[in-house]
Amino acid sequence: MAFPGIVRRLIVLLALCLTGVASPASADDSVSLVRSSILPPLAAGDGATMVALGGRTVMIGRNGAWALAADRSAWQPLDRSHLPADLKPRIVASDGQRAVLLQGDARAMNNVAMLQLDNGMLSLRALPAMPQSLTVAQAVMHGGTVTIAGRSADGGARLLDLTPDYRTWRMRAPWPGAGAPTTLTVQNGVLYLTLRNGTAEDLWALGDKDGWKARGPAPGPVLAGAARAIGQAHVLYLVSDAKRDTQLFSFHTITGAWAALPYRATGGVDAAVASGNGLVLAHADGGRMTFAVAELERQRRALDLLDWTIIVVYMAAMLGVGGYMYRRAKLNSTSDFFLGSRSIPFWAAGVSMFAGNTSSISYLAIPAKAFETNWDYMTSKIVTVVGLMFVAIWVVPALRRLNLVSVFNYLEQRFHPAIRMLASALCIAMHVGGRMGVVLFLPALAIGTITGFNVIGCICILGVCTIIYTALGGMRAVVWTDFIQVIVLMGGALFAIGYIVWSLGFTAIEQAAMASDKTHMVNTSFDFTQPTLWGFLILILFDTVLTFPKDQILMQRALATSSDKNAGRSIWLFAAVLLPGGFVFYVIGTVLFAYYQAHPARLDPLLPIDAVFPSFIGMELPHGVTGLIIAGLFAAAMGTLSGTINSVATLLSVDFYEKFARNPTQKKTVRFAEWMTVLVGVVGIGLAVLLSQLDIHSLLDLSIELFGVLGGSCAGAYTLGMFTRRANAAGVGIGIVAASAVTLAASIFQLVHPYFYLAIAIFVSIVVGYIASLFFPAPQRSLEGLIVPIGRFGRRRAQEDEPSTSIS
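Criteria and cut-off values
Residues numbered from 1 in each chain as written. Predicted model: local features only at pLDDT ≥ 70, side-chain atom pairs only at ≥ 80, totals over all residues. Heavy atoms only, no water. Helix = DSSP H or I, 4+ residues; strand = E, 2+ residues; numbered from the N terminus. Buried < 20%, exposed > 50% of the residue type's maximum accessible area, 1.4 Å probe, protein only. Contact = heavy atoms within 4.5 Å. Areas by Shrake-Rupley, 256 points an atom, 1.4 Å probe, with all protein chains shown as cover. Salt bridge = Lys/Arg side-chain N within 4 Å of Asp/Glu carboxyl O. Axes fitted to C-alpha atoms, helices over the stretch in contact; angles between N-to-C directions. Parallel < 35°, antiparallel > 145°, perpendicular 65-115°, else oblique. Phe/Tyr/Trp six-rings, centres within 6.5 Å; stacked < 30°, edge-to-face > 60°. Lys NZ or Arg CZ within 6 Å of the ring centre and 35° of its normal. Pairing = 2+ DSSP bridges. Core = buried A, V, L, I, M, F, W, Y, C linked by side-chain atoms within 4.5 Å. Expected span 1.5 Å × (residues − 1). Lys, Arg positive; Asp, Glu negative; His and termini not counted. Polar contact = N/O pair within 3.5 Å; in protein donor to acceptor, adjacent residues only side chain to side chain. Patch = residues over 30% accessible without salt bridge, like charges linked within 9 Å, V, L, I, M, F, W, Y side chains within 5 Å.

(A) Spatial organisation of the overall build of the protein chain. Each helix and strand counted, the protein chain has 20 helices and 24 strands in total. Buried residues in the protein chain amount to 57% of all 808 residues. Sequence-distant contacts in the protein chain: of pairs separated by 6 or more residues, those separated by 24 or more amount to 70%. Of the roughly 31400 Å² of accessible surface on the protein chain, 60% is carried by carbon and sulfur atoms.

As structure tokens, then:
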């Protein structure tokens, strides 16, 4: 069944939006808002030192010490009786809670001490002296480590680390540039050092794997010791001009671009420390200190009537599809609700697989990853396509002939009902705990970032609409709404690419991408802490080739087609769409890199890297198109969420309700599935709301970790069942338990990157499961139809083209 009228109207709406293109933003228009205010002055005396301690701004002078009150209305006295009377540090570095002081004279600094603030009292603890005295230096505290960059008496560059236990100094590779260090800071694990050589100021960066790299000249002389990292990819600097005025600048560590922020201090600044989302600036006037604070605030552009109209019309259309399906088929049979009466065209099923695979995580995280790094992760898509060819030829047709509803019914037929229910329970936990909450929360977070709309309200609207059309329409509604959502999703993505190409020109984008190697795709390194070709081959071998049937969400769409042949065709189409679809999202990241390198002031330093695409949507695109792409964000979430809800409801109904209910009928099973659709959706909403209240560094990493811990252990059962004859229920059960224990241990002790948890779980379950099976009797019954007939390539049965009607 097709919906040409709905699709045609959506395409017309898209075309109308594309005609409303606005002019590109000016590179001089900053999206950042800087709030400035004057703080109370303080008579601290000559040579006073400003430092951040205990989350407060502290001034230390010879005649006293003071901390700025929480409301910034006054300076409160502190007890400095435990400090030397002549304390006058040359260099100060702070992490906001503690500070490290470098002391000495103009010819040599080698004394190091830790300064702390406890209950209003300042204390000083001596640290090991540096192995070599420095004449000029800068320091930074990061992750418990103290790093000092300076020059020795003979002019040599020195880079020193004090280990987190504060006992041992370690020499690191010095920078190759000339000049004296003026600032040193750390952003995302990378050291950033400015060097002054005469009137020139150069920036260098040191990463763990890349060594020192020149990042170009600064826009002017920077204030010594005043750099601070902010957000996930920016560093703030204070830059002086010829008039001794000081301008606030941001440096974007990904694009390497400097942007002037809307704040200028006249008369100069003598010192600055981090405070909140900005800096406290101090200026000495004799023994009197004057202060000002400059803090960044997020700016948002409100949606207008056209944006809201598009979003509301889109949501109403999705609900309309569910209602139409409900009126057309009353869904009194399990075949109708779970498999769309096995009448879904293969092309619709294949596109629906792509929609289910392309979640809001893909729509936001992949462009952000390509923006930050390159196309290394694109290799996984290419390898996945190769793996799907194997699945389409051998695995899916073999399982399709078993007439399954739940893919875990295969494990019952091959092994035992207990294996089926154990694997099904783990799969439900994986999708509900590791996917639904993240899929709902990410687009809500993005839309909140763009518009300021309440995140919890957005979660509820998105979740409730998806629950309604999924409960009303069953699998048919899932597949056909997926088809519409792919049009909206890809239409918005393609428009974003076209808009940036039109704004910058293809040549400028190509030059920016080539200069930074942004399209590098294949990493053949054997370092498995990186996204390498070999790592992807291993993961796809385990996650796609050997264990594809574990994915109820994708398999249910293949099972809903009319024949074995069409089931295989749906996988072929999914593979064909997956590669260009994934390519589009990586291109978005690359063109965003070029855009913000050309217009650095248009990127808000406070936004996380994952919000780069939503920020572009909200701040740069014309109204109407913004609403369309927000609808695309909804589409990405709803496509994945609806498939997950329907599949989990299917598993609860077929694997558990029909097993334990008394006299279950198809009508009762469908009603139970409808209620489970609502319940599962509500649980997903609750988890998304919970995530919105937690401070989680990376939702993508959390999702990957939960998928590996919960979903990998049972996946190996399919490999043992489909490709071996010796495996039995007892051995497979032992393998599942062992894999769960090993993966949980790897997670608790952080033995490897979470990306490898899934492969570890599958590998352990296969190896342990097969070895354990050798200690129990081999299966005595016939395994005909349960073993994948790899040796029969080219001799497929004629019956595979005939439709299947029975339900297991």
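(B) Looking closely at the pattern of salt bridges. If you walk through the whole model with that rule in mind, you get 11 salt bridges. The partner of Glu412 in a salt bridge is Lys659, with the nearest N and O atoms 2.7 Å apart. Remark: Lys659 occurs in helix H15 (residues 625-660) and Glu412 occurs in helix H7 (residues 409-414); sequence separation between them is 247 residues. Residue Arg420 pairs with Asp655 through a salt bridge whose shortest N-O separation is 2.6 Å. Taken together, the positions of Arg420 in helix H8 (residues 417-451) and Asp655 in helix H15 put the pair 235 residues apart, joining distant regions of the chain. For Arg420, a relative accessible area of 4% corresponds to the buried category.

(C) Geometry of the packing of helix H4 (residues 346-357) against helix H12 (residues 552-559). Interhelical geometry of H4 versus H12 gives an angle of 170° and a closest axis separation of 9 Å. Looking at the two axes, H4 sits roughly antiparallel to H12. Two secondary-structure elements touch here, H4 through Ala349, Ser352 and Met353 and H12 through Leu554, Arg557 and Ala558.

(D) Main features of the packing of aromatic side chains. Within the structure shown, the criterion is met by 16 aromatic pairs. Judged by centre distance (6.4 Å) and plane angle (90°), the ring pair of Phe371 and Tyr596 falls under edge-to-face. Taken together, the residues span a long stretch of sequence, with Phe371 in helix H5 (residues 360-372) and Tyr596 in helix H13 (residues 564-598) at a distance of 225 residues. Both residues of the pair, Phe371 and Tyr596, belong to the buried class. Of the aromatic side chains, those joined through ring pairs into one cluster are Phe371, Phe495, Tyr499, Trp502, Phe593, Tyr595, Tyr596 and Phe616. Above the plane of the ring of Phe593 lies Lys518, whose end atom (NZ or CZ) is 4.4 Å from the centre. The aromatic ring of Phe346 is capped on one face by Arg569, whose charged end is 5.6 Å from the ring centroid.

(E) Highlighting the pairing of strand E13 (residues 169-172). As defined by bridge partners, strand E12 (residues 157-162) adjoins E13 across 4 bridges and the pair is classed as antiparallel. Its bridge partner being in E13, Leu159 is matched across the sheet by Arg172. Hairpin connection from E12 to E13: 6 residues lie between these consecutive antiparallel strands, with Tyr166 at a positive phi of about 60°.

(F) Representation of the pairing of strand E7 (residues 99-104). Across the 6 residues of E7, 5 count as buried, placing the element largely inside the fold. Sheet topology note: the strand E6 (residues 91-94)/E7 ladder contains 4 bridges and is antiparallel. Considered in E7, the bridge of Ile91 is made with Leu102. Relative to strand E8 (residues 109-118), E7 is paired through 6 bridges, and the arrangement is antiparallel. Opposite Ala99, over in E8, you have Leu115 as the bridge partner.

(G) Molecular detail of the nonpolar core. Counting 141 residues, the largest nonpolar core has Tyr314, Phe371, Tyr410, Leu411, Leu592, Phe616 and Phe634 as the members making the most contacts within it. Here this core takes 18 residues from helix H9 (residues 455-504), the largest share from any one element. Residues in contact with Tyr314, not counting those within four places in the same chain, are Gln485, Val488, Ala631, Phe634, Ala635 and Met638. Grouped together as the second largest cluster of nonpolar side chains are 19 residues, Ile91, Val112, Met130 and Ala139 included.

(H) Structural view of H12. Burial analysis of H12 places 8 of its 8 residues in the buried class, the great majority of the element. Along H12, the residues that are buried comprise Gln552, Ile553, Leu554, Met555, Gln556, Arg557, Ala558 and Leu559.

(I) Molecular detail of helix H19 (residues 729-748). Taking 1.5 Å as the rise per residue, H19 with 20 residues should run 28 Å; its terminal C-alpha atoms sit 29 Å apart, in good agreement. Inspection of H19 places Gly731, Val732, Gly733, Gly735, Ile736, Ala739, Thr743, Ala746 and Ser747 among the buried residues, and these make up the whole buried set. Note on H19: the residue one or two positions beyond its end, Gln750, has a positive phi of about 50°.

(J) View of the sheet that holds strand E5 (residues 75-78). Strand order across the open sheet formed by 4 strands is E2-E3-E4-E5, with antiparallel pairing between neighbours. The open sheet has two edge strands, strand E2 (49-53) and E5, and neither has a second partner. For this sheet, the mean angle separating the axes of adjacent strands, direction not counted, is 30°. Across 5 bridges, the pairing between E2 and strand E3 (residues 56-61) is antiparallel. Note that in E3 the partner of Ala52 across the bridge is Thr57.

(K) The side chain of Arg228, seen in detail. Secondary-structure assignment places Arg228 in strand E18 (residues 228-230). For the buried Arg228, no salt bridge is present, and the opposite-charge side chain at shortest range is Glu295, 6.8 Å distant. A distance of 3.0 Å separates the side chain of Arg228 from the backbone oxygen of Gly276, its partner in a polar contact.

(L) Structural context of the sheet that holds strand E11 (residues 145-151). Read across the sheet, 4 strands follow the order E10-E11-E12-E13 without closing on themselves; strand pairing throughout is antiparallel. In the strand order of this sheet, the two ends are held by strand E10 (136-142) and E13, each with one partner. When strand polarity is set aside, the average angle formed by the axes of neighbouring strands in this sheet is 25°. Judged from the 7 bridges that link them, E10 and E11 form a sheet pairing that is antiparallel. In the strand pairing of E11, Ala137 is matched with Gly150.

(M) Here's a closer look at a nonpolar patch on the surface. A cluster of nonpolar side chains, namely Ile734, Phe763, Val767, Tyr770, Ile771, Leu774, Phe775 and Phe776, defines an oily patch on the protein surface of about 750 Å² accessible area. Top contributing element to the nonpolar patch by residue count: helix H20 (residues 757-773), with 4 residues. The residue Phe776 is located in the segment after H20 in this model. Of the residues examined, Phe776 reaches a relative accessible area of 33% and is grouped as partly exposed.

From the geometry alone we can't say anything about function, so treat these as descriptive.
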